[in-house]
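# Structural overview
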Amino acid sequence: MQRFISNLFEPKTNGPETAALLAALLSVDVSATTLRKDIEEHPDNPSLLSISDVLNSYGIENLAIKTDAGKLSEIPLPCITQIQATGADFKYFTVVKEITDSQVRFFDSEKHQWTAIAKDDFASRFSEIVLLAQAGEKAGEKDYAEKIKTEKRVRLGQYILTLCLPALLLSAGILAFAQVGSGAVLPFIFSVFTLAGCAISTLLLWYEVDQYNPALHQICSSGTKVNCGAVLQSKAAKIAGISWSVVGFSYFMGLLLLPLFLGLASPVTLFTASWGNALALPYIFFSIYYQWHIVKQWCMLCLGVQGLLALQFAAALIGGWHGIMPFSTLFTPVVFLQALAAFAIPLIVSAILLPALQKAKESKELTIKLQKLKHNRQVFEALLPKQKEVTAVPAGLGITLGNPNAAYKLIKVCNPYCTPCAKAHQPMEDLLDNNPDVQVQILFVATNDEHDNRTPPVKHLLAIAETGNETVTKHALDDWYFAETKDYGQFAGKYPMNGELNRQAPKIAEMKAWCDSTKIEFTPTFFVALASDESNGQATYYQLPEMYSVSDLKYFFTV
């Protein structure tokens, strides 16, 4: 149930799910939310390359190899590979975590569970392409703890949303039992059927929003003659322009709201519910006939609704609710208005909410497509030369970190007290940590004016970098930029200096002259040089296009 709810609210596509499983087996802390976002926005998704690039960006070193089924036992585990789906003409990614002489244990993405099958059976489905992986020294997501807290809060909200109606029904049942004793048994059973109908009709509504949801796919494609889409997208799926899913949801939710207005075991509730059910009975015969004779496909969710309608009718018949009071009672103003409100509220809400959810789904899909286009290397390389070019490379200025012979180079111009500069520090550091072919040069906008509050921390950072210890320099930058409050006195106490600070004035003057000549207008400003930009051994820097952030560079600074 927990996995079903998770897949329903946050459907995991095959690539991100596989990457998350591998990271977990390697004991690398990367949130599923992050992996899903990064892989789905990768320009080559879905592909093994998209998984490889994203894993590499979080310090999980990996290598794709081609091997044959006869060498399965020699493959280092865990690993990612592709296997043929059962009974379908497509392949999906999977994680293999154990191989014995007779069996292979892997994650079956069709069943969403770990499965062990005979080694020969696995070999017959094996694609021969394997992604080997191991955790690097600094593998993991820097703000993992915060991301996990967010995921837990979201998951808690999903559980509360899922359980609130059952909790209300249980409370109403307890109250009814306290008032009328055993007379509440049959009304409570009827209400349980109604709650089940609410659940199924909600899934039918969700199918209209996201028909490719893996949780729904498990129900709606469970056999050769089972196809919810064929039924729910047929000509008879709507009545007067309103889908039967909305009508069904309004019916069941109305019957669930009615006891809240009138009482679970109230004669008025039972009489109204029994006749409401009686009016819905013809739909059972219509739907079954249409699925069997016209569409010739079955919708398991629809059959579930029809089964519950029949069970409700049986409960009402056993209870004799159809004749417990005069029919005219339904038309008394109070009862009529309460019944009307009970059924009208869910109808109006679902009629408004369904199109909004569909638009939100379309918007999300469009955003992912735009991000994939944005992260396409050819697009980036076409835009980059159209930006401001650095005419005078600031060689030797500021703080330089990373590989001096790197193919990918980045200049960051920043202000030590700039909040956006502090936020850009982490993704910039991730580029350095996860790619050995990157160099970052940090320049500061500061002056030698004694009233310039930017000067003291800049001098201090330059003096630390002057020692030549890159590890200490990185720690100092982290301590400064990650501090919630920028306190220079506290920072200087942690990194004591003597006369070294006095030697930094000429460097600050040179950086200011460069910033003025380059016309730096805001911080942080980034300039990028790609491997393909180099001519005669000299890197050509262009300003990072406005639509990109430093976080996007991981898609272009690839090993």
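Residues numbered from 1 in each chain as written. Predicted model: local features only at pLDDT ≥ 70, side-chain atom pairs only at ≥ 80, totals over all residues. Heavy atoms only, no water.

The chain appears in an unreviewed UniProt entry as Protein-disulfide isomerase from Mucilaginibacter xinganensis. Quoted verbatim from the Sequence similarities (unreviewed entry) field of UniProt, the annotation for the chain is "Belongs to the VKOR family." Regarding the chain, the UniProt comment filed under Subcellular location (unreviewed entry) reads as follows: "Membrane". (UniProt positions renumbered as here; feature names shortened; annotations may be inferred.)

A separate point is the overall build of the chain. Along its length, the chain carries 19 helices and 13 strands. Taken over C-alpha atoms, the radius of gyration comes to 32 Å for the chain, far larger than the 24 Å a tight globule of 559 residues would show. Taken along its principal axes, the extent of the C-alpha atoms in the chain is 100 × 65 × 45 Å. Put simply, the chain has 559 residues, and 46% of those count as buried. Here the chain has roughly 27800 Å² of accessible surface; of this, 60% comes from carbon and sulfur atoms. Counting 45 positive and 51 negative side-chain charges, the chain places the averaged centre of each group 6 Å from the other. (Helix = DSSP H or I, 4+ residues; strand = E, 2+ residues; numbered from the N terminus. Rg over C-alpha atoms; globule rule 2.2 N^0.38 Å. Buried < 20%, exposed > 50% of the residue type's maximum accessible area, 1.4 Å probe, protein only. Areas by Shrake-Rupley, 256 points an atom, 1.4 Å probe, with all protein chains shown as cover. Lys, Arg positive; Asp, Glu negative; His and termini not counted. Charge placed at Lys NZ, Arg CZ, Asp CG, Glu CD.)

So, on to the side chain of Gln426. Within the secondary structure, Gln426 is located in helix H15 (residues 419-434). Using a relative accessible area of 18% as the deciding quantity, one classes Gln426 as buried.

Moving on, we come to the sheet that holds strand S11 (residues 438-444). Reading across from one edge, S9-S11-S10-S12-S13 is the order of the 5 strands in this open sheet, with mixed pairing throughout. What marks the edges here is a single partner per strand, and that holds for strand S9 (399-402) and strand S13 (542-543). Across 4 bridges, the pairing between S9 and S11 is antiparallel. Note that in S11 the partner of Gly402 across the bridge is Gln439. Here helix H19 (residues 505-518) sits on the sheet and contacts strand S10 (408-414), S11 and strand S12 (525-529); the angle it forms with S11, its principal contact strand, is near 95°. (Pairing = 2+ DSSP bridges. Contact = heavy atoms within 4.5 Å. Axes fitted to C-alpha atoms, helices over the stretch in contact; angles between N-to-C directions.)

With that settled, consider the sheet that holds strand S6 (residues 126-135). Taken in spatial order, the 6 strands of this open sheet run S1-S6-S2-S3-S4-S5, and their pairing is antiparallel. In this open sheet, the two edge strands, each paired with only one partner strand, are strand S1 (60-66) and strand S5 (113-118). Each adjacent strand pair in this sheet contributes to an overall mean axis angle of 35°, direction not counted. Sheet topology places S1 next to S6; 7 bridges connect them, and they run antiparallel. The residue bridging Ala64 from the neighbouring strand is Leu131, located in S6. Across the face of the sheet, helix H2 (residues 14-25) comes into contact with S1, strand S2 (79-84), strand S3 (91-99), strand S4 (103-108), S5 and S6 while running at roughly 15° to S3.

A sequence separation of 11 residues divides Gln426 from Asp437, and the C-alpha atoms of the two residues are 18 Å apart. The contacts of Gln426, once residues within four sequence positions are left out, are Lys142 and Phe482.

The next thing to look at is the pattern of salt bridges. Evaluation of the coordinates by the stated rule reveals 16 salt bridges. The shortest N-O distance in the salt bridge between Asp433 and Lys138 comes to 3.7 Å. Note that Asp433 is positioned in helix H15 and Lys138 in the loop between S6 and helix H6 (144-180), a separation of 295 residues in sequence. Connected through shared salt-bridge partners, Lys138, Lys142, Asp430, Asp433, Glu470 and Lys474 make up one network. (Salt bridge = Lys/Arg side-chain N within 4 Å of Asp/Glu carboxyl O.)

UniProt's feature table lists "transmembrane region" (unreviewed entry) at residues 156-178, 184-207, 242-262, 268-286, 298-324 and 330-354, given in the numbering used throughout. Counting secondary structure, residues 268-286 comes out at 100% helix and 0% strand; the distance between its end C-alpha atoms is 29 Å.

Once the domains are mapped, the chain shows domain 1 (1-133), domain 2 (165-366) and domain 3 (388-555). Placing a centre on the C-alpha atoms of domain 1 and another on those of domain 2 gives a separation of 39 Å. (Domains from an automatic or database assignment.)

What follows concerns the state of the cysteines. Each disulfide consists of one covalent bond between the sulfur atoms belonging to two cysteines. Across all of its chains, the model carries 0 disulfides by this definition. There is no disulfide at Cys164, and the cysteine sulfur nearest it, in Cys198, is 11 Å away. Judged by relative accessible area, Cys164 falls into the partly exposed class, the value being 34%. Of all cysteine sulfurs, the one in Cys414 lies closest to Cys515, which takes part in no disulfide; the gap is 9.3 Å. (Disulfide = S-S within 2.5 Å.)

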